[in-house]
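One-letter residues, chain by chain:
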Amino acid sequence: MNPTLRQMRAFVALAKTGNFTLAAQAMHVTQSALSGLIKELEQTLGAKVVDRSTRRALLTDIGKELYPLFSQMIDDLDGALANVADHTRLKKGMVRIAAPQLLSCTLMPEAIAAYRARHPDIEVRLGDTGVENVIARVLSGEADFGIGPEREPAPPLDARLLFEMPFALVFPKGHELERQARVTWQDLARYPFISLQGQFTERLLEDVHASLREVPVKPANEVTFMTTALAMAAAGLGVTACLPYAAPLVTLYGLVMRPLEDPVLTRRFFLYTRPGRSLSPAAESFIGFLETFVAGATPTSAA
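Definitions and cut-offs
Residues numbered from 1 in each chain as written. Predicted model: local features only at pLDDT ≥ 70, side-chain atom pairs only at ≥ 80, totals over all residues. Heavy atoms only, no water. Helix = DSSP H or I, 4+ residues; strand = E, 2+ residues; numbered from the N terminus. Buried < 20%, exposed > 50% of the residue type's maximum accessible area, 1.4 Å probe, protein only. Contact = heavy atoms within 4.5 Å. Pairing = 2+ DSSP bridges. Axes fitted to C-alpha atoms, helices over the stretch in contact; angles between N-to-C directions. Phe/Tyr/Trp six-rings, centres within 6.5 Å; stacked < 30°, edge-to-face > 60°. Patch = residues over 30% accessible without salt bridge, like charges linked within 9 Å, V, L, I, M, F, W, Y side chains within 5 Å. Areas by Shrake-Rupley, 256 points an atom, 1.4 Å probe, with all protein chains shown as cover. Salt bridge = Lys/Arg side-chain N within 4 Å of Asp/Glu carboxyl O.

(A) The arrangement of the overall build of the protein in detail. If you tally the helices and strands in the protein, you get 12 helices and 13 strands. Principal axes of the C-alpha set define a box for the protein whose edges measure 100 × 35 × 25 Å. When the 303 residues of the protein are sorted by exposure, 46% land in the buried category. By sequence separation, contacts in the protein at least 24 residues apart represent 74% of the contacts at least 6 residues apart.

See the structure below:
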C-alpha cells in the first residue's frame, strides 16, 4: 500500500476544492486525469476516499482521516524542496572560511564584500586564525574550507591551488633601498631581517640558500604575525619579506614594497577541503568566485 505523491496531491486538491473541475485546474491536468488519479488511490488503499455527486465531491470517513495527514506531508515536502531550491539558487546559505590572520585582514574582506554584493542572501563567516590552525579548523568541521600555504608534510585534506605569488621586500620610505632600480636577496642580507616563526622562515631560508649558498640570510628577529614584522619595519628596526597580497597593510604602515629578485621565490596558497565531503552550493559558489577574484585582484609581482 504505497500511494504515489501525485495521487496524494490530487486527493488533497480535491479535498480543498470539493470539486473535480477546480481540483483539476489547480493540478494543471484534465478532469478525467484527476478522476483517474483518485481511482488509482482508492485501488491502492482498498477503500473509497471520495463520494462523488453531480455537484460536489464529499470525503468519506477514511478520506477525512487521510486529508490532514496527506496535506501535512505535502506541505512538509514542498517546504523542504523550496528550502533546497533556495540553497541551489543562492537565496539562502552560509559559508564558513578559515584563513590566516594576514590574509584575513587584506584580501579576504574585499573578496567577501564583492561576493555579498552579488549574493546578499548568503552569509559568509570568516574565521581568522594562525596559519598553523587553518588545517585543524577544516578537519574539525568548524570551516567549510580553509586557505593556507603549502605545508610539509601535506595535510590530510583535498587541496586545490588558489594562487602563487613571489616574495617582495618591504622597507620604510626613504630607506636607501628605495633608490635602487631593483632589489635582490643579496640586498636583504645587508640589513636586519624581520621574519616569521615556523615553516615560513624555515622554507624561505632553505630556498634562498639553495640558490645563493654564499649569502647568509639570517633573521635578526622572528615574530608570530606579519603585522608585527611590518610595524617593526615601520619603526626602522629592519626590513621584512612578504607576499604582494599584503599591499594594503604595507601602505597603511607607510612602507615600500618592491619585488625581490635573483632569485624570484614564490609561495603557493591552497584551498583546503575535507576529502569525501561535498560542499554546500553556497560554499561552491564562493570558491568559484574567490578563484576569479584572486586572479584579478592579486598581482603576479609586487608593484
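(B) Representation of the sheet that holds strand E11 (residues 239–242) within the structure. Ordered in space as E8-E12-E7-E11-E9-E10, the six strands form an open sheet in which the pairing is mixed. Looking along the sheet, the strands with just one partner apiece sit at the ends: strand E8 (183–184) and strand E10 (219–223). Those strands touched by helix H10 (residues 226–234) are strand E7 (168–172), strand E9 (193–196), E10, E11 and strand E12 (255–261), and its axis lies near 145° from that of E11.

(C) Expanded view of the sheet that holds strand E13 (residues 266–273). Pairing in this open sheet of five strands is mixed, and the strands run E4-E3-E5-E13-E6 from one edge to the other. Looking along the sheet, the strands with just one partner apiece sit at the ends: strand E4 (123–129) and strand E6 (158–166). In this sheet, adjacent strand axes meet at a mean angle of 20° when their direction is disregarded. Summarising the sheet, strand E3 (residues 94–100) and E4 pair through seven bridges and their orientation is parallel. Bridge pairing in E4 places Val95 opposite Val124. Running over the sheet, helix H6 (residues 107–118) touches E3, E4, strand E5 (145–149) and E6 and is turned about 175° from E4.

(D) Representation of the packing of aromatic side chains within the structure. This structure, assessed with the given rule, holds 10 aromatic pairs. Here the aromatic rings of Tyr115 and Phe289 are separated by 5.5 Å at their centres, their planes lie at 65°, and the arrangement is edge-to-face. Residue Tyr115 is found in helix H6, and its partner Phe289 is found in helix H12 (residues 281–297); the two are separated by 174 residues along the sequence. Through a chain of ring-to-ring contacts, three or more aromatic side chains come together here, namely Tyr115, Phe145, Phe286, Phe289 and Phe293.

(E) Representation of a nonpolar patch on the surface. A cluster of nonpolar residues, Leu5, Leu77 and Leu81, forms a patch on the protein surface that exposes about 230 Å² of accessible area. Assignment of secondary structure puts Leu81 in helix H4 (residues 61–88). Overall, Leu81 belongs to the partly exposed group, its relative accessible area being 48%.

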